[in-house]
Each structure stands twice: as C-alpha cells, then as structure tokens.
Amino acid sequence: MATRVLAAPPPGSGLKPVVGDPGLPLVGNTLRVMRRPFEVSRERYDLFGPVSWSWLLGQRTVTVQGPEAAEAVLVNRDKAFANGPAWSFFIGPFFTRGIMLLDFEEHLHHRRIMQQAFTRQRLRAYQETMAPSIGKGLDAWVPGRGFKVYDHVKQLTLDLATDVFMGVDLDRAEADRINGAFVDAVRAGTAYVRFPVPGLRWHRGLRARKTLEEFFRTHLPAKRRDGGGDLFAALCAAETDDGHRFTDEDVVNHMIFALMAAHDTTTITLTTMAYYLARHPEWQERLRDESEALGKPVLEPADLDAMTGIDAVMKEALRLVSPVPALPRKAVKDTEVLGFHIPAGTTVVVPQLTNHRMPDVWPDPDRFDPDRFGPDRREDKAHKYAWSPFGGGAHKCIGLHFAGMQVKSIMHQWLLRYRWSVPGRYTWPLDTTSLPSPKDGLPVHLERLP
C-alpha cells in the first residue's frame, strides 16, 4: 500500500495534509470498500486516522470517520461543503433537483415550502391513510419456510408510497411498472459503467427517470385541481407565509426524490429489524408483548411515543445498518476538517454505515443491543453525531418523523399477525455494493399467529 499526500497545505496555515492511498489502477479501493466496508474502515482508521483519502468510484475522495469529523462536515458552519455537486455525481441524472441535491439559500427556500407537507396535521393524515393498507398488505403474505422478507417488505413499502405519497389508484401492472422504475433509478447510482450502455444500470436508470417524469406530469393537473390528503397533493398546495409555491417542475422533481427516499430507507430499516428479531427471539417476544398490551390493531398518533421497545430496536437497526451508507459533499472552497487541509473541489464522504460501528464510540459495536438506547445508558448521547442516520445540519432528513411513524406502524401490525425465525447458525449475506440489502432476500420461517 503506497501512502501518498492528497495536497500540500498552504504554507504557514498550520494544517496537516490528508494522507491515504489510491488503491488499484482504475478501480482504486472501490471494490474493497463496497464489499468489506466495516473491515476496510477500521483498517484505514488504524493506518491513517480519522481523515484519509482514496480513489473511489472514479474520484479522489476524502473519508472522514468519527462523530467529530461528521459534525464538522454536516453542520458546515462556513458553508464550505455543497450537497448538489457531490450527490449529482452518483444520482443526479436520476433524481434531478431533489431536495437533497439543492444547496444554501435555494435549499432553504425549497425546504420551507416542503415543510408544509410534513406538518403534524399532515403526518396524522398520512398515518390514518396507511393503516388499512398496511393491514391489507400484511394479510396477503403467505406463511411458510423460505419467506423472503426483503422482497415482501419492499413491495409493501412501494405500495404504501403509492397510496400515501401519490394518492393515485393504480392497477397491479401499472404499480409494478412505476415501482420497477424506482428500483432501476436507485441502482443506477452505484453503476461501475457510468454512461448509457444498453442493458446496464446507467442506461436503465435514465429510462426509469423518463418513466417517472411522464407519470407525475400526467397526474399533476388533477392534483393541482382536486387536492387530497397525500404528499403529491400537499406539494402542489404547499405555500409559505409569503406566498411562495412550487412550480410543476419542482413538484415532479421532489416527488421522484421523496418516493425513492421514503420506500428504500424504510425497506432497509424494517428488513434489518426483522433479521435481528429473528436472530433474537427474546426481543421479538418483548416487542410483541408491548404491541399486544396496547390493545389496538393499528397505531394512532398518540401511541407512537409509547412503543419504546420498537423504538429502541428501530434505532439499533439504523445504527447497525444505516440505510444511507454514506453522505457525500463537495468542498466549494479550501477548508479544513479536524485540522486537515481539504482543497476546493475535493469530494468528502461521511460514512454513516461504518461510523455507527466505531469501537471508540460504541461498546461492542457489532452486537445487537437495543438497550444501549435505553434511558439508563443512552450510548447515542456520547456525542451529538455519534448516531446520525438522518444526517445533520441544514440537510437533516426532512422526513425523519414520517419514517419513524411508518416503521412503527408497520412493525406493530406485523408483530400482531406473525412470528418469524431463522436457523440458529444463519447469518445474512449483507450486500453493501449499493444501498445495503440481503443478497438472499432474508428467507425466514413465517408463522401466522392464532
């Protein structure tokens, strides 16, 4: 491994140079990081410390490890880091001008409008809308061995996104077509070949983007006219106190991004919860007792805070497998992180997936232990950015409360209907080459409760 300096700091600045290694010719360290993220991150931390550089997905990339470095980049006090140029490299062609790809004043302007779609009143309406759809989706599951959790949960969350976010009645074929377009758009972001070769990820992603644009533009006039209790209608009607509203193009861009962000992250979180609850049946029974004690088939808004067991397992799942594994930024001017010189134009990545398993921050970090979030321990309070699956700073996830509400609502109904298990020696093969997911779909033995 050849250690090299990224760039010499300005004379007299007192800053340290970022060191690292480029990796293999052409691919750099991309394959190692994607396939063995936890081992590689610890290896690099031991070799280079919290700030190092490497060649990843065709870019010189600085990776910052640990909560102090994460805070410096995400809080972005001197506005040295931008989201748009960094995310656009990965998903820009497929999620153009989504809220996460905007920066500074423009981002705040759009965020103020979008916030009207996530008010307490709106969240209550979304929860009421999704409750029967959750039950219908879960009741359609067929118990037995080899039940693939990931596939079924993804179908459920995509269907919920259709109901709650789009508010459009679709037949199964059309729903599958739109859902498939979202899948292709997401997977395109980590394509090795980043130009449109027919049949490969990038090409499929571009086709998917066109499909989604056409879909939302077709339905937008009716949403403008008729309104409704869904996100699509909310974005059409959203207006700030001083009268600013989204254009049609804005609504289309934000809907495409919001549906991707909502269903993928929720699918990963629920699948991770299901895996660890199958591996730790004592926790599954503890949560089921909590849900049965509530005495309600569906959760209401006032019940969310009472589901402390589901909350703890959800937080531990988000720690062990962050649905958004890394948060990239682009330095728009010379800056520093923890005293290291970061030259303008550098891509900087906050690796949430591995930051949440740092032994210096989390005792026994690879162990499933939801009680670490209990009131007597609160290991997540070791640092403000020790646990930050929803990001931080101005770009903190605008839908985090919706996400928690959806996960708890689904898991509550799931626990009341089914018990699930895996063989004692089973360990899931987690695929981290794109958004994290089980390669085998997480097969479980699903049993319907009497």
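The rules we used
- Residues numbered from 1 in each chain as written.
- Predicted model: local features only at pLDDT ≥ 70, side-chain atom pairs only at ≥ 80, totals over all residues.
- Heavy atoms only, no water.
- UniProt positions renumbered as here; feature names shortened; annotations may be inferred.
- Helix = DSSP H or I, 4+ residues; strand = E, 2+ residues; numbered from the N terminus.
- Rg over C-alpha atoms; globule rule 2.2 N^0.38 Å.
- Contact = heavy atoms within 4.5 Å.
- Areas by Shrake-Rupley, 256 points an atom, 1.4 Å probe, with all protein chains shown as cover.
- Lys, Arg positive; Asp, Glu negative; His and termini not counted.
- Charge placed at Lys NZ, Arg CZ, Asp CG, Glu CD.
- Expected span 1.5 Å × (residues − 1).
- Buried < 20%, exposed > 50% of the residue type's maximum accessible area, 1.4 Å probe, protein only.
- Arc of directions from axis to C-beta.
- Polar contact = N/O pair within 3.5 Å; in protein donor to acceptor, adjacent residues only side chain to side chain.
- Core = buried A, V, L, I, M, F, W, Y, C linked by side-chain atoms within 4.5 Å.

In the nomenclature of an unreviewed UniProt entry, the protein chain is known as Cytochrome P450 of Actinomadura logoneensis. Word for word, the UniProt comment on the protein chain under Cofactor (unreviewed entry) is "heme".

## Let's talk about the overall build of the protein chain
Each helix and strand in the protein chain was counted, giving 15 helices and 14 strands. Taken over the C-alpha trace, the protein chain has a radius of gyration of 22 Å; the compact-globule value for 450 residues is 22 Å, and the two agree within 12%. Based on the C-alpha atoms only, the size of the protein chain along its principal axes is roughly 70 × 55 × 45 Å. At a minimum sequence separation of 6, the contacts of the protein chain that also span at least 24 residues come to 72%. Of the roughly 19,300 Å² of accessible surface on the protein chain, a fraction of 54% belongs to carbon and sulfur atoms. Of the side chains in the protein chain, 57 bear a positive and 54 a negative charge, and the two mean positions are spaced by 4 Å.

## Description of helix α2 (residues 37–48)
Here α2 contains 12 residues, and its C-alpha end-to-end distance of 16 Å stays within 8% of the 16 Å for a straight helix at 1.5 Å per residue. When we look at burial in α2, the residues that qualify are P37, F38, V40, S41, R44 and F48. Here the buried residues of α2 occupy an arc of 165° about the axis, which is enough to place them on one side. Tucked into the core, α2 has its buried residues touching β2 (19–20), α1 (30–35), β3 (51–56), α13 (308–320) and α14 (352–355). In the segment just after α2, G49 is the residue with positive phi, at about 90°.

## Examining the environment of Y426
Locating Y426 in the fold gives a position in the loop between β11 (418–421) and β12 (430–431). Remark: the alpha-carbon pair of Y426 and R279, spanning 147 residues in sequence, is separated by 8.2 Å. Not counting residues within four places of it along the chain, the set of residues in contact with Y426 comprises Y275, R279, D440, L442 and P443. Here the side chain of Y426 touches D440 through a polar contact of 2.7 Å, side chain to side chain.

## Remarks on the nonpolar core
F216, M255, W414 and W420 are the most contacted members of the largest nonpolar core, which has 122 residues in total. Not counting the four nearest positions on each side in its chain, W420 is found in contact with A274, L277, A278, Q284, R288, M411, W414, L415, V444, H445 and L446.

## Focus: the environment of R372
Structurally, the position occupied by R372 is in the loop between α14 and α15 (400–417). Under the relative-accessibility criterion, R372 is labelled buried at 0%. Here the alpha-carbon distance between R372 and E292, two residues 80 residues apart in the chain, equals 24 Å. For R372, the residues in contact, after removing those within four places along its chain, are E316, R319, W362, P363, D364, R367, R377, R378, E379 and D380. Engagement of the side chain of R372 in a polar contact is seen with the backbone oxygen of D364, the distance being 3.3 Å. There is a polar contact of 2.7 Å between the side chain of R372 and the side chain of E379.

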